[in-house]
Amino acid sequence: MMSHVSRSHVRKQLAHHLLPATVDCVKLLFIGDIVGQPGRRAVKELLPRLREQHGVDFVIANGENSAGGSGITPKTAEEIFSAGVDVITSGDHLWDQKEVMELLANEKRFLRPLNYPLGTVGQGSGVFAVKSPKSKVQSPVVVAVLNLQGRTFMPPLENPFLAALDEVNKLRERTKIIFVDFHAEATSEKIAFARMLDGQVSAVVGTHTHVQTADEQIFPGGTAYLSDAGFTGPHESVLGREIAPVIQRFLTSMPQRFDVAKERVILHGALIEIGEANGKATAIQRISEKFVT
Ligand SMILES: [Fe+2]
Ligand SMILES: [Fe+2]
């Protein structure tokens, strides 16, 4: 009889011991390029509910179009951080606002593409502690975020593939939970880049095209992937801008003023679940939330 009691006790102990390893995951929300004031408003209004509804631990957003559709300033960055975003990434619109220099020099939560020439102001990666993780298994839970830019149909930069391999090796000494925003135009470059990193990072999500793709998946090595997260802003538009001037530009080849559009604001992004212990993704889901004023 004694042995029966003790076996059940052992089983209970074992279950208690095993359970956390299977449930402890970190939930990351990534938000696609925030475009202008409508995009910033959508993040501010929708993010608290999304955080709550999905039990999000950490939020990353691409902010390269947050200031009037072009670039980012300390003011728009602060608005995005106050809305509940932990880290802001960027891309080819990085230099559109001169105030970005202040952000690059002083704000560790703001990332630029890593593959700018050596010595460029700012940082292409960062390691951050999750503020109030739901799981207490590893304390603190540490997330690394890496931002790179592609070179196909994009301004020339250093080789993002080589830069990523080198940086990921360094980051893996600090944490296995690594998120990569690959800001690139060509799907071939994005897929090849993510396949190269399969098993080395938790997720690669693309930005820049402003069109959300439907190819979310988890590669065999455990890396979650989505070619493009889409954009957060007015979708009654051409990629966030008023429609008529863009058509005029294509018709006439003459320069036009591209104001940020206003209607049908949608928050686009992806939600990723990552095993806390091994950094491997277990789920990825596209997010498309309409912002109704
Ligand atoms: Fe871009
Ligand atoms: Fe963009």
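Scoring rules and cut-offs
- Residues numbered from 1 in each chain as written.
- Chains lettered and ligands numbered in written order.
- Predicted model: local features only at pLDDT ≥ 70, side-chain atom pairs only at ≥ 80, totals over all residues.
- Heavy atoms only, no water.
- Phe/Tyr/Trp six-rings, centres within 6.5 Å; stacked < 30°, edge-to-face > 60°.
- Helix = DSSP H or I, 4+ residues; strand = E, 2+ residues; numbered from the N terminus.
- Buried < 20%, exposed > 50% of the residue type's maximum accessible area, 1.4 Å probe, protein only.
- Lys NZ or Arg CZ within 6 Å of the ring centre and 35° of its normal.
- Pairing = 2+ DSSP bridges.
- Contact = heavy atoms within 4.5 Å.
- Axes fitted to C-alpha atoms, helices over the stretch in contact; angles between N-to-C directions.
- Patch = residues over 30% accessible without salt bridge, like charges linked within 9 Å, V, L, I, M, F, W, Y side chains within 5 Å.
- Areas by Shrake-Rupley, 256 points an atom, 1.4 Å probe, with all protein chains shown as cover.
- Salt bridge = Lys/Arg side-chain N within 4 Å of Asp/Glu carboxyl O.

## Some words on the packing of aromatic side chains
So, point 1. What the rule picks out here adds up to six aromatic pairs.
So, point 2. For the ring pair Trp 95 and Tyr 116, a centre distance of 5.6 Å and an interplane angle of 85 degrees mean the geometry is edge-to-face. Here Trp 95 is found in the loop between β4 (87-89) and α4 (100-106), whereas its partner Tyr 116 is found in the loop between α4 and β5 (125-129), with 21 residues between them in sequence.
So, point 3. Accessibility expressed as a relative area gives 36% for Trp 95, which makes it partly exposed.
So, point 4. Judged by centre distance (5.5 Å) and plane angle (80 degrees), the ring pair of Phe 161 and Phe 193 falls under edge-to-face. Taken together, the positions of Phe 161 in helix α5 (residues 160-171) and Phe 193 in helix α6 (residues 187-196) put the pair 32 residues apart, joining distant regions of the chain.
So, point 5. Residue Phe 193 is classed as buried on the basis of its relative accessible area, which comes to 0%.
So, point 6. Grouped by ring-pair contacts, the aromatic residues Phe 161, Phe 182 and Phe 193 constitute a single cluster.
So, point 7. In this structure, Arg 109 packs its charged tip against the face of Phe 81, placed 3.8 Å from the ring centre.

## A few points about the sheet that holds β5
So, point 1. Taken together, the six strands give an open sheet; going across it, the order is β5-β6-β7-β8-β10-β9, and neighbouring strands pair in mixed fashion. Of all the strands in the sheet, the pair left with one neighbour each is β5 and β9 (217-218).
So, point 2. Alignment of β9 against strand β10 (residues 224-226), held across two bridges, turns out to be antiparallel. By the bridge assignment, Gln 217 is partnered in β10 with Tyr 225.
So, point 3. Each of β5, β6 (142-149) and β7 (178-183) touches α5; the most contacted strand, β6, lies at about 170 degrees to it.

## Some details on unusual backbone geometry
So, point 1. You will see that Phe 153, though not glycine, has its phi angle at about 60 degrees, which is positive.
So, point 2. In this structure, Phe 153 sits in the loop between β6 and α5.
So, point 3. A relative accessible area of 72% means that Phe 153 is categorised as exposed.
So, point 4. The phi dihedral of His 210 is positive, around 70 degrees, even though this residue is not glycine.
So, point 5. Here His 210 shows up in the loop between β8 (203-207) and β9.

## Quick look at a nonpolar patch on the surface
So, point 1. A contiguous nonpolar surface patch, about 280 Å² in accessible area, is contributed by Ile 243, Ile 247 and Leu 251.
So, point 2. Note that Ile 247 resides in helix α7 (residues 243-252).
So, point 3. Owing to a relative accessible area of 44%, Ile 247 belongs among the partly exposed residues under this scheme.

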